[in-house]
Amino acid sequence: MDKVSLRRQGLAGRRGMSAARRAECDRAIAQAVAASGAFAAAAVVMAYCRAGSEADVSALAALARAQGKAVVYPHCTARTEMEALLPEADGAFVTDCNGMRSPDPARAARIDPERIDLVLLPCAAFDSGGNRIGMGAGCYDRFLRRCTRAQTVLIAYEAQRVARIDPDPTDVPARQIATERGCFPAR
């Protein structure tokens, strides 16, 4: 299948889940990631603000802050480019140029990607190899190349799993996958 078809399949899978089921899965994902060595070792965690039916990592972000970790978020500066921002306050968020909720650049510190220890990656669809399909702009793939020391954990529901994604040469696979079934290394 081509990426457009796989994206549609993954999005249909997560959209087909009830809100109650998504909330249940979000709790299981948060518990699995929180118990992982990558989360325990991280001082700087890159989370994301959920859009639509994406898996919600807000509980993980709150736990990270409670443990004294810095929690940064992506902010798209152009359709295909993003940076990491550390918001000054919880309410200091705006909508970026790609329509994602992100920190207000005027009220946030820019964080060097090389300082990030853990990146939580949203996706539309994924496979067991840690390959992911996002929304098509390639922002994360470009950004991840600059995160030289970060562990990457793909965050998704099992309903988004597809049999196989043929990655492009520019795609960056995740090292780990976290779903409601647990957090495990990509194969």
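Bear in mind that the values here come from a model prediction, so they are computed numbers and not experimental data. (Residues numbered from 1 in each chain as written. Predicted model: local features only at pLDDT ≥ 70, side-chain atom pairs only at ≥ 80, totals over all residues. Heavy atoms only, no water.)

A. Inspection of the nonpolar core at higher detail. Grouped together as the largest cluster of nonpolar side chains are 49 residues, with contacts concentrated most on V33, I116, L118, V119, L120 and I155. In this view, V119 contacts M46, Y140, L144, C147, A150, Q151, T152 and V153; residues no more than four positions away in its chain are not counted. (Core = buried A, V, L, I, M, F, W, Y, C linked by side-chain atoms within 4.5 Å. Buried < 20%, exposed > 50% of the residue type's maximum accessible area, 1.4 Å probe, protein only. Contact = heavy atoms within 4.5 Å.)

B. Structural detail: the pattern of salt bridges. For the structure on display, the rule yields 11 salt bridges. Linking R21 and E24 is a salt bridge whose minimum nitrogen-to-oxygen distance equals 2.5 Å. Of this pair, R21 and E24 are both found in helix α2 (residues 19-34), three residues apart, which corresponds to roughly one turn of the helix. (Salt bridge = Lys/Arg side-chain N within 4 Å of Asp/Glu carboxyl O. Helix = DSSP H or I, 4+ residues; strand = E, 2+ residues; numbered from the N terminus.)

C. Fine view of the packing of aromatic side chains. Per the counting criterion, the structure on display carries one aromatic pair. Judged by centre distance (5.2 Å) and plane angle (85°), the rings of Y73 and F93 are edge-to-face. Taken together, the positions of Y73 in strand β2 (residues 70-78) and F93 in strand β4 (residues 93-95) put the pair 20 residues apart, joining distant regions of the chain. For the pair shown, Y73 and F93 are each scored as buried. Above the ring of F39, the side-chain terminus of K69 is found at 5.1 Å from the ring centroid. (Phe/Tyr/Trp six-rings, centres within 6.5 Å; stacked < 30°, edge-to-face > 60°. Lys NZ or Arg CZ within 6 Å of the ring centre and 35° of its normal.)

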